[in-house]
There are 2 protein chains.
Amino acid sequence: MIIDGKALSNQLDISMKAEVKALREEGIEPKLVVIIVGNDPASQIYVRNKHRKAIKLGITSIIERRPADFTQAELLALIDQYNRDDTVHGILVQLPLPKQIDKSVIIRAIALEKDVDGFSPENVGKLFSNSHEHYPVSCTPKGIMTMLAHYKIDPAGQHAVIVGDSNIVGRPMGALLLNAGATVTYTHILTQDLSSFTRTADILIVATGVAHLIKADDIKPGATVIDVGMDRDENGKLVGDVDYDQAKEVAGAITPVPGGVGPMTITSLMQQTLELTKVANHRALEPVK
Amino acid sequence: MIIDGKALSNQLDISMKAEVKALREEGIEPKLVVIIVGNDPASQIYVRNKHRKAIKLGITSIIERRPADFTQAELLALIDQYNRDDTVHGILVQLPLPKQIDKSVIIRAIALEKDVDGFSPENVGKLFSNSHEHYPVSCTPKGIMTMLAHYKIDPAGQHAVIVGDSNIVGRPMGALLLNAGATVTYTHILTQDLSSFTRTADILIVATGVAHLIKADDIKPGATVIDVGMDRDENGKLVGDVDYDQAKEVAGAITPVPGGVGPMTITSLMQQTLELTKVANHRALEPVK
């Protein structure tokens, strides 16, 4: 089974568009602010893609571009302005930031209820404590949970193995799966005999940035394989951390690259913007179908 | 090898006593406030033990006892009073709390820099994000890390298996081990074939509250086995989650119950009080030897 992130993303976009329209008819205007400092080329593309997606769904999107020599104090003042603006529901500061700015100070400055990337320590703490409250979570793992749910893959009692323990993907992914009842193993660069872990995974999440790290032999027959990688092979072709052509013969379900996790991340950002909008307006949080 | 938590705790107490004396000579008085609401008998004992230990080390200990019908607003006001009191370095609200009080509201009310139990979501988030800043952590896992370090058991590259994913022990324990470079597996009540995981553990941490859950067969020969359990067997005898008599024949290193993790938890609480005292007074944080 191919887990088609692109198709699911398109389907969710249609639902969200209708939902935004309904909110607007009630006088609620979902609004996302994306702040970008400096000229990192990849960041420019990410920000543009987020903006286009928001516009497509009817979400009001504001991009605040600032020069590479923008100071931390100036950035904090800008965030504060949007924290205090009740018409804004999500604030995202595009990473990386120039070196004169301390990322951890900036992330913590965003109001918890507008932290649409879910990177604030307090929101991370709620995730890892499986809090019963609403809290935003990192968008890539959020999108993966949505894919699993859509394809009726229930993590409860399954062994989920995470390859790569970054704060943006691996760690929150493991917490979401643990909260959903999975047995969770975190593996990473220091793990000895990685295959001995990946081969026991019912759900294998790979987020390392190493092209084709995971081969067919590393996969338990029938496993669900989620590939977060966006790597370039020797010919410059976009490939994943999983050797898809071999892996698809062994896996029970697998995400392609491109067209798997990627499209779901940006869709999850939009879902989270809508969720924060609804929480701010005391609306029930029904999951987008 | 027997990991003697009692002996290590005694040794650390001697160092801390000297350290407190030195701080006092500089005019710094380490001060811990423990708040207990209601009459839970176990809580009364825990609070008394903490108080006695603090006094023994020269740490000023204040116990604030309040009746079972104390309101949440009253408790918040009491916490606020100590948050604003610069002479207080650690605030601990003994759990459980009576049902009219929302634990998560109370935990979040304690100033982050006085959160001596390390339960606040922001401190938990820093732990799970492996923040480079100082933050307090839950005392039982902290004590276990101290034991591992003392016995020269380096988690880096080892497979650590956590049995029991509570917010107080299992989850923060896994985060500390992950931050120390271990491959970490979280198992729990929904885990299928628990033995298949425990048998691959180089470091096995058991915190389930189920007497003698782990037998010799569940342990990899030579593994380090840390038993957090404090259970009663059918004869009312205090035993651990690990069947110690059999397990000690297989394990490379093991904590007894009693005399293992237990004494280290309270010693870690005192260490953390001293650490918060030093941070508040801009002193360097040298680990207690």
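Residues numbered from 1 in each chain as written. Chains lettered and ligands numbered in written order. Predicted model: local features only at pLDDT ≥ 70, side-chain atom pairs only at ≥ 80, totals over all residues. Heavy atoms only, no water.

The next point concerns the nonpolar core. In terms of nonpolar packing, the biggest core is built from 65 residues, with I144, L177 and I205 of chain A together with I144, L177 and I205 of chain B touching the most fellow members. Once residues within four sequence positions are removed from consideration, I144 of chain B is found in contact with M173, I205, I226, V228 and V261 of chain B. (Core = buried A, V, L, I, M, F, W, Y, C linked by side-chain atoms within 4.5 Å. Buried < 20%, exposed > 50% of the residue type's maximum accessible area, 1.4 Å probe, protein only. Contact = heavy atoms within 4.5 Å.)

Moving on to helix α5 (residues 121-128) of chain B. Residues and elements named next belong to chain B. Most of α5 is tucked away: eight of the eight residues are buried. Within the span of α5, buried status applies to P121, E122, N123, V124, G125, K126, L127 and F128. Positioned one or two residues after α5, N130 has a phi angle of 50°, which is positive. (Helix = DSSP H or I, 4+ residues; strand = E, 2+ residues; numbered from the N terminus.)

Turning next to the environment of V239 of chain A. Residues and elements named next belong to chain A. Checked against the element boundaries, V239 lands in strand β9 (residues 238-239). Considered as a pair, V239 and A211 are 28 residues apart in the sequence and their alpha carbons are 6.5 Å apart. The contact partners of V239, leaving out residues within four places of it in the chain, are A211, H212, G229, M230, D231, R232, D233 and V257.

Residues and elements named next belong to chain A. UniProt annotation of "binding site: NADP(+)" (unreviewed entry) refers to G164, D165, S166 and I189 when read in the numbering used here. A compact arrangement is adopted by the annotated residues: their sequence extent is 26 residues, whereas the largest C-alpha distance between any two is 10.8 Å. For G164, a relative accessible area of 11% puts it in the buried group. Setting aside residues up to four positions removed in sequence, G164 forms contacts with G170, T187, H188, A207 and T208. When you line up the elements, I189 lands in the loop between β5 (183-187) and α8 (194-198). (UniProt positions renumbered as here; feature names shortened; annotations may be inferred.)

A few words now on the pairing of strand β3 (residues 90-93) of chain B. Residues and elements named next belong to chain B. Residues of β3 alternate between two faces, with G90 and L92 on one and I91 and V93 on the opposite face, all of them buried. Pairing of strand β1 (residues 31-37) with β3 involves four bridges; the strand directions are parallel. For V33, the partnering residue across the bridge sits in β3 and is I91. (Pairing = 2+ DSSP bridges.)

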